[in-house]
Amino acid sequence: MTWRPTALNVSFLTVVGWALFLAVLTGRAELAVVAVPAVVALVVGRRTAPPPAWHLHRELSDRRLLEDECVSVTVTLRAEGPLPLVELLEPLPPRVDLARGRHHAFFTLPAGGEIRWTFELRGAGRQHLRLEGPHLRVWGPLGLAAAETQHRAPATVAVYPRHVPIRYLPYPLRTQTFVGNYVSPTQGEGIEPGDIRPFAPGDQVRHVNWRATLKLGTLHVTQHHRERNADVVILLDTLSEVGPDGETVVDAAVRGAAALAAAYLARKDRVGLIEYGGQPRWVRPGAGRAHLERLLESLLSASVVFTYVNRDLDLVPPRILPPQALVVALSPLLDRRFVRAAADLAARGFDLLVIAVSPVPPARAAARRSAVLDVAARLWTLERRAELDQYRRRGLTIVEWDGAEPLDAVLAAFSRRSHRRVLAG
Amino acid sequence: MMRLAALVLLAVLAALPLAVRPSTPPVIWLATVALVVGGVGVLAWSVPLVTAAGSLVVIAYALALVVAGPAADALLAIALGATLVLLLAIVHLGGRVRGAFLGPSVIAAQARQWLAVVGAGVVAAVGLTAAAAPLGGALRGASLPVVVIGAALGAVLTVAGVITLMAREGSPRSDP
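Remember, it's a predicted structure, so these values are computed and weren't measured experimentally.

Chemist: Help me understand the overall build of chain B in this model?
Modeler: Helix and strand counts for chain B come out as six helices and one strand. Element order for chain B, N to C, with α for helix and β for strand: α-α-α-α-β-α-α. When burial is assessed residue by residue, chain B has 37% of its 176 residues classed as buried. Look at the contacts in chain B between residues 6 or more apart in sequence, and 77% of them connect residues 24 or more apart.

Here it is in structure tokens:
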């Protein structure tokens, strides 16, 4: 850290110059006297010795957040010598708001003194919030000299997409072999009562149905349905994007995907993710809390990547897209390539549900409000409705979602429970 | 609070040229313009505007001295110089800390520092004035061009010395 004169020196020099110039011009000694305090200040203000040593430590309260949650930043500064005026500034990255306190502060420290400075940041959108480290500036007397540096301590906070709980999840058509929450049609160990059949050697006494036994005169047992889990693959469309930064249709789809992933994982299902875009990426189906973090981490970097290379879902290995999985696609259905891929999956017998995220509200939010915009938005909505009907006639199951209302409400209204009973174990 | 202190100092600064009696309309006008420009500068925490106002006050003071031609009054000149330094320092700090968190005792520590520096300036000015009195007596017989050349040389050397000191430390930089 080295001292550098500030722009205030120019102001002092201007005043000194005027006073001395006018003193000479008028021959009045008082004007030269006017310049003396400013000249003394300029001389006193220059610094030669380096600023005293200091130690800075920054601490973050959390390294993982959901959107709109806050992280507390605590900066501790200790000076070995006196610091009459020290300035600290933590630059805010884009899409980060100040929730509490200030990210810019001034302190006075005596020799050996220590200060603790705390403020809270709120992640306004999913991102890897990167804080490089606070800038530190030590000011000399009257602000005529300053020495500055940056305390390099890069820290990253993962701001995951926020997800609201979903109660009404689309039921899968097929279940897997692991224990879960879906009632399987196959008989075995379970809670849900199934058929009644005559007693056979090996049956447990606790399964004897005494009422049927008394009525029929021979021992009968109650069979139970197995509870099984399912494989769910979330297919995220990142081929196209509409809307203002942080509120795009991809952001809405990502929030929906996060909510679905959390809800299915809470039901002991295995959840996978395929990001279908310029650079397809995927996460193998898995279960558990750690897997949710894996999925959220992957969703964090979901974005539109432009490429001329047209990749197909055939490239996706079967272990990523199991044949009996429920595929939930989240897409604005703006890109024909995604529509073709979805139709292809449905044709191959996949249990597919498309959640069509409407691009109209984000597009309206990105443009200035006007009567023409309202008419255009209405026309677009009508065109989209007709288009979605056309896709439905081609065999796609589509649910419309505007991205703003809770996904749970949309899925609750979509009553597939009656005809989406589990068909096979 | 800092803004109020700066406005008070500005009012005192603008009133100082009017203390040279008798006041003439050009001096009053210049002081008024300085007050307006400085007021805008204080409200906007703009150091350049306050510097302009300070320069206008110095010009008004010079004009008042030339027009009224009073006897030498070093106290008024020292007060003007000290007020100017304080005003510039306060406005500079006010602009820097705008919107920032201020730790405890920052303002008090700064005020102590300013008063110490200004006090040193006042002492230096009083000392120089006292030293200049016998020198003035010695130079009473000197012809005017010699005095003017000597004074101009002194002024140029003072400014050049300050610029050299600054240049040795590095180029001036803008504040945040």
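Chemist: Would you mind showing me how to read the overall build of chain A here?
Modeler: The secondary structure content of chain A amounts to nine helices and 20 strands. Projecting the C-alpha coordinates of chain A onto the three principal axes gives extents of approximately 130 × 60 × 35 Å. Counting the 425 residues in chain A, one finds 41% classified as buried.

Chemist: Would you take a moment to explain the interface of chain B and chain A for this structure?
Modeler: Interface size is commonly expressed as the accessible surface area that is lost when the partners come together. Counting from both sides, the interface comprises 61 residues of chain B and, opposite them, 53 residues of chain A. Per element, the largest residue contribution to the side of chain B that touches chain A is 15 residues, and it comes from helix H5 (residues 106–138) of chain B. Residues of the side of chain B that touches chain A, tallied by class, amount to 41 nonpolar, 15 polar and five charged. Pairing analysis gives two bridges linking strand S7 (residues 104–109) of chain A to strand S1 (residues 101–102) of chain B, with the strands arranged parallel. When the sheet's bridge partners are listed, Ala105(A) is paired in S1(B) with Phe101(B).

Chemist: Is there a simple way to think about the nonpolar core in this case?
Modeler: Side chains that are nonpolar tend, in soluble globular proteins, to be buried together. Judged by nonpolar contacts, the single largest core of 162 residues is most densely connected at Ala19(A), Ile234(A), Leu236(A), Val328(A), Ala60(B) and Leu87(B). At 15 residues, helix H4 (residues 74–97) of chain B tops the list of elements feeding residues into this core. In this structure Leu87(B) touches Ala6(B), Leu9(B), Leu10(B), Leu13(B), Val50(B) and Gly54(B), once residues within four positions along its chain are discounted.

Chemist: I tried to follow the confidence of the model for chain B on my own but got confused; where do I start?
Modeler: For residues with low pLDDT, the predicted coordinates do not support detailed interpretation. All names here are of chain B. Per-residue confidence for chain B averages 83 on the pLDDT scale, and 81% of its residues sit at or above 70. Note that pLDDT drops below 50 for residues 170–176; the model gives that stretch 16 contacts with residues more than four away or on any other chain. Interface confidence in the predicted complex, given as ipTM, is 0.84; pTM for the same model is 0.74.

Chemist: Explanation requested: the domain arrangement of chain A in the structure shown.
Modeler: Residues and elements named next belong to chain A. Segmentation of chain A into domains returns domain 1 (4–45), domain 2 (54–160), domain 3 (179–228) and domain 4 (231–413). Each of domain 2 and domain 4 has a C-alpha centre, and these two points are 38 Å apart. Opposite the seven residues of domain 2 that make contact, domain 4 presents seven residues.

Chemist: Looking at this structure, how should I read helix H1 (residues 2–15) of chain B?
Modeler: Residues and elements named next belong to chain B. The end-to-end C-alpha separation of H1 is 20 Å, in line with the 20 Å expected for 14 residues at 1.5 Å each. Among all positions of H1, only Ala6, Leu9, Leu10, Leu13 and Ala14 are buried. Along the axis of H1, the buried residues cluster in a sector spanning 135 degrees; they form a single face. In the core, the buried residues of H1 are packed alongside helix H2 (25–43), helix H3 (47–68) and H4.

Chemist: Looking at this structure, I do not really get the pairing of strand S11 (residues 145–150) of chain A. What am I missing?
Modeler: Regular strands place their side chains on alternate faces of the sheet. Residues and elements named next belong to chain A. With two bridges joining them, strand S1 (residues 4–5) and S11 adopt antiparallel strand pairing. Across the sheet, the residue bridging to Arg4 is Ala146, located in S11. Of the pairings in the sheet, the one linking strand S10 (residues 135–139) to S11 comprises five bridges and is antiparallel in character. The residue of S11 that forms the bridge with Trp139 is Ala146. Here S10 hands over to S11 after five residues, with Leu142 in that stretch at a positive phi of 60 degrees.

Chemist: Sorry if this is basic, but what is going on with the packing of H3(B) against H4(B) here?
Modeler: Each pair of packed helices gets described by two things: the angle between the helix axes and the distance between those axes. Residue and element names in this part refer to chain B. At a minimum axis separation of 10 Å, H3 and H4 run at an interaxial angle of 170 degrees. Accordingly, the angle class assigned to the pair H3 and H4 is roughly antiparallel. Seen from H3, the contacting residues are Val47, Val50, Thr51, Gly54 and Tyr61; seen from H4, they are Leu80, Leu84, Leu87, Leu88, Val91, His92 and Gly95. In terms of residue class, the contact of H3 with H4 is built from eight nonpolar, four polar and no charged.

Chemist: I would appreciate a short explanation of the environment of Glu275(A) in the present structure.
Modeler: Residue and element names in this part refer to chain A. Of note, Glu275 is situated in strand S16 (residues 270–277). Judged by the 24 C-beta atoms lying within 10 Å of it, Glu275 falls in the buried class. A C-alpha to C-alpha distance of 15 Å links Glu275 and Pro161, two positions 114 residues apart in sequence. Once residues within four sequence positions are removed from consideration, Glu275 is found in contact with Leu236, Thr238, Pro280, Arg281, Trp282 and Ala302.

Chemist: Where do I start with the sheet that holds strand S8 (residues 114–123) of chain A in this structure?
Modeler: Residues and elements named next belong to chain A. Taken in spatial order, the four strands line up as S2-S4-S8-S6 in an open sheet, and their pairing is antiparallel. Looking at the sheet topology across the chains shown, the edges are occupied by strand S2 (54–60) and strand S6 (96–100). Strand-to-strand twist in this sheet, taken as the mean axis angle between neighbours without regard to direction, amounts to 30 degrees. Where S2 lies against strand S4 (residues 70–79), seven bridges are found, and the strand directions are antiparallel. What sits directly across from Arg58, in S4, is Val75.

Chemist: Mind showing me how you'd approach unusual backbone geometry here?
Modeler: Glycine aside, a negative phi is what most residues show, and trans is what most peptide bonds show. Look at Asp68(A): it is not a glycine, yet its phi comes out positive at around 70 degrees. Inspection of the secondary structure puts Asp68(A) in the loop between strand S3 (64–66) and S4. The phi torsion at Ser105(B) lies on the positive side, around 70 degrees, for a residue other than glycine.

Chemist: So what exactly am I meant to see when it comes to the pairing of strand S19 (residues 351–357) of chain A here?
Modeler: Residues and elements named next belong to chain A. With seven of seven residues buried, S19 is to be regarded as a mostly interior element. Neither face of S19 is exposed, since Asp351, Leu353, Ile355 and Val357 on one face and Leu352, Val354 and Ala356 on the opposite face are all buried. This β-α-β element, strand S18 (residues 326–331) to helix H6 (residues 336–347) to S19, shows right-handed connectivity. Sheet analysis places S19 next to strand S20 (residues 398–401), joined by four bridges and oriented parallel. In the strand pairing of S20, Ala356 is matched with Glu400.

Chemist: Would you mind showing me how to read the sheet that holds S1(A) here?
Modeler: By definition, the strands of a sheet pair up through backbone hydrogen bonds, in either a parallel or an antiparallel sense. Taken in spatial order, the six strands line up as S1(A)-S11(A)-S10(A)-S5(A)-S7(A)-S1(B) in an open sheet, and their pairing is mixed. The sheet is open, and its two edges are formed by S1 of chain A together with S1 of chain B, each paired on a single side. The sheet contact formed by strand S5 (residues 83–89) of chain A and S7(A) spans five bridges and is antiparallel. Looking at S7(A), one finds that Glu87(A) is bridged to Phe106(A).

Chemist: Please explain the confidence of the model for chain A as it appears in this structure.
Modeler: Mean pLDDT over chain A works out to 86, with 96% of the residues at or above the 70 mark. Across residues 417–425 of chain A the pLDDT falls below 50, and counting only partners more than four positions away or on other chains, this stretch makes 19 contacts in the model.

So, how was this worked out
Residues numbered from 1 in each chain as written. Chains lettered and ligands numbered in written order. Predicted model: local features only at pLDDT ≥ 70, side-chain atom pairs only at ≥ 80, totals over all residues. Helix = DSSP H or I, 4+ residues; strand = E, 2+ residues; numbered from the N terminus. Buried ≥ 20, exposed ≤ 12 C-beta atoms within 10 Å, placed from the backbone. Contact = placed C-beta atoms within 7 Å. Nonpolar A, V, L, I, M, F, W, Y, C, P; charged D, E, K, R; others polar. Pairing = 2+ DSSP bridges. Core = buried A, V, L, I, M, F, W, Y, C linked by C-beta atoms within 7 Å. pLDDT = per-residue confidence, 0-100. Domains from an automatic or database assignment. Expected span 1.5 Å × (residues − 1). Arc of directions from axis to C-beta. Axes fitted to C-alpha atoms, helices over the stretch in contact; angles between N-to-C directions. Parallel < 35°, antiparallel > 145°, perpendicular 65-115°, else oblique. Right-handed = clockwise from strand over helix to strand, strands pointing away.

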